[in-house]
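Chain by chain, the residues:
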Amino acid sequence: MAGYYDIDDILAEEELVPSVFQHDANGVGLFDSSDDTDKVIAGSRAELPFWLVRELYLRQLISIRVPPCFDRDSKTREEIGADAAHVDLKSRCAYFYTLGCKIAPLIGDKTIGPFLLVAFRTRYREVLIKAHTLSLSVAPKYLILLTNEEAKLYEAGQSSIVAFKKWRMGGPRFQMAPVLGRKRKPT
Amino acid sequence: MSSASEPHASAFSAAELEFLAEDELIEIVPNLRMDPLNFISGDFGPFRPQIATQVPLWLAVALKKRGKCTIRAPEWMSIDKLSQVLESERDSEKFQPLPFHYVEISRLLFDHAREDIPDIYMVRSLVEDIKDVRFHKIGTGLEIISKERTYALRLKNLSAMEANIVRPFVTRALETLYKLGSSEMIQESDTNRQPPQAMNRGPRTTSRKDGDLILGNIFDINSSSELLLMLRKIIDKDVRN
C-alpha cells in the first residue's frame, strides 16, 4: 500500500465508480435507495467508491463498468485527443490520474495507461507556462480546469516564483517574536 | 499523485540560500587594523589599512555596514564580463558558467555596497537581463520534458537560486510522468505485440549504444545540489502505436 497515510490517495479512492451487482445483497439498501427492502438485487447498478469496488470486485461480487472519463469511446477521450489542455477534467474526476492508475490494472483496459500519459504530457506544458507567468488574480479561472494532481503541480511552481519575487523585493527580513510584540505595562 | 518524498522538503527558502551564499569569499580593502580572525571555516586577515584580503561575504557586509572596509566587486561583476555572458547566453542553448550563487551575491552587493561597484546601474541591469534570459531558457527547456519519455533532467551550470525555483515543480512533474510512464502502466499495452522491445523500457536500462548517461531514478534530483541532474530519457517512439 503506497501512501497509506497520504490524504490525496485516500480521497482519490473515494471517487465513485459505476458498477453492477452480480448477486443479491441484503442489508445494503443504502446503495440503492429506490425501494425499502434494504436489499440490492443482482443486476442493479450503483455507484460505489473505488476502495469498496476494488474489494468487492476481487471477490467477484460486482462487475465494474468503466467510468465515463476513461471509457474507450467516451467524449473525454475525443476531447483529450483534440485539445487536452482545455478539457475540464476536474469536473469529471478530481483525481483523474491517480484513479486511472488504480483502475486500469483492475479492469485490464490496456489503453488507459497510454491515454493518461498523453493527457498529462499535453496538459503539463500548459500548467508549466501558466504557473510561471500567470498573475495570481487570473489564476482561479484556469485552476478550475485542473485535476487536483495538476493543481498541486501548479501551486508548487507558482509558490516558488512568488517566494523568489518576494525575496528580491527585500523588505523587512526580521520577524518579531510574538512575545516581544506585547506592550509592557507601565509600572 | 501520492508522492514518496515530501515535495517541499528539499527546497530551500530564498533567505536560506542567501545565507549559504554568504559563505562565498570576496575581496575587501579594510581601513582598520585588526588581528587575524580565527573561525571554524578558516582564518581570515590580518587586516591592515589599504591591504586587500579575502573574507566571507557575511563578514564583508558586516564590516561594510560599519564603514570599516570597501568591497571589491568580484571579477565576473564587470560590464565587460557580464555583457559577454549576456551575449552568449542569448546566442546559445547552454547556460553560461556563472558563480553558483550569482543571484544572491549580486543582490547582497547591490544592497549593501552600492558605492563600491563601478557602474552599478549598468551592472545591475545586466545581471537582471542575464537572469531573465536564463529563466526564460529554463522555462522553454522544461517544455521539452513532455515530448518524450523523460525520467530525469540535466541542467548544467544552473545556479542555486534557479534550481531552487524550479525544483518543486520539476520533481513533481517528473514523479507523475514516471508513474504514468512506468512499465506497469504502459508496457502492458504492447507486450503481446512486440515483446523484445519491452525489455528496453523501465527506469534502469543500461548501456545504450550512443553511450549516454544513465541515471537512477528521479528521486536523485532531490539530493543533488550539483543540480538536478540526471534523468534520462528512454526513447521509444512506438509506445503509443
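Residues numbered from 1 in each chain as written. Chains lettered and ligands numbered in written order. Predicted model: local features only at pLDDT ≥ 70, side-chain atom pairs only at ≥ 80, totals over all residues. Heavy atoms only, no water.

- For chain B, the name recorded in an unreviewed UniProt entry is DNA replication complex GINS protein PSF2, with Erythranthe guttata as its organism.
- According to the UniProt record, the Subcellular location (unreviewed entry) comment for chain B reads "Nucleus". (UniProt positions renumbered as here; feature names shortened; annotations may be inferred.)

- Here is the UniProt Sequence similarities (unreviewed entry) comment for chain A, exactly as written: "Belongs to the GINS3/PSF3 family."
- Among the UniProt annotations of chain A, the heading Subcellular location (unreviewed entry) holds the following wording: "Nucleus".

Here's the deal with the sheet that holds strand E5 (residues 69-71) of chain B
All names here are of chain B.
Link 1 in the chain: With antiparallel pairing, the three strands of this open sheet are ordered in space as E4-E1-E5. Only two strands of the sheet have a single neighbouring strand rather than two, namely strand E4 (53-56) and E5. On average, adjacent strands in this sheet sit at an angle of 45° to one another, irrespective of strand direction.
Link 2 in the chain: Across three bridges, strand E1 (residues 25-30) lies against E5 in antiparallel orientation. Paired with Pro 30 across the bridge in E5 is Cys 69. (Pairing = 2+ DSSP bridges. Helix = DSSP H or I, 4+ residues; strand = E, 2+ residues; numbered from the N terminus. Axes fitted to C-alpha atoms, helices over the stretch in contact; angles between N-to-C directions.)

Thoughts on unusual backbone geometry
Residues and elements named next belong to chain B.
Link 1 in the chain: Cis geometry is adopted by the peptide bond preceding Pro 46, which originates at Gly 45 and carries an omega value of 0°.
Link 2 in the chain: Looking at the secondary structure, you find Pro 46 in the loop between strand E3 (42-44) and E4.
Link 3 in the chain: Despite not being glycine, Gln 50 has its phi angle at roughly 70°, a positive value.
Link 4 in the chain: Topologically, Gln 50 is positioned in the loop between E3 and E4.
Link 5 in the chain: Given the relative accessible area of 61%, Gln 50 is considered exposed. (Buried < 20%, exposed > 50% of the residue type's maximum accessible area, 1.4 Å probe, protein only.)

Some points on the packing of aromatic side chains
Link 1 in the chain: The final tally for this structure, using the stated rule, is 11 aromatic pairs over all chains.
Link 2 in the chain: Judged by centre distance (5.1 Å) and plane angle (90°), the ring pair of Tyr4(A) and Tyr5(A) falls under edge-to-face.
Link 3 in the chain: On the numbers, 6.2 Å between centres and 40° between planes, the contact of Phe120(A) with Tyr124(A) is tilted. Here Tyr124(A) and Phe120(A) lie together in helix H5 (residues 112-133), a separation of four residues that amounts to about one turn. We note that Phe120(A), like Tyr124(A), is buried.
Link 4 in the chain: Every member of this aromatic cluster is reached through a ring pair, and the members are Phe70(A), Phe96(A), Tyr97(A), Phe115(A), Phe120(A), Tyr124(A) and Phe169(B). (Phe/Tyr/Trp six-rings, centres within 6.5 Å; stacked < 30°, edge-to-face > 60°.)

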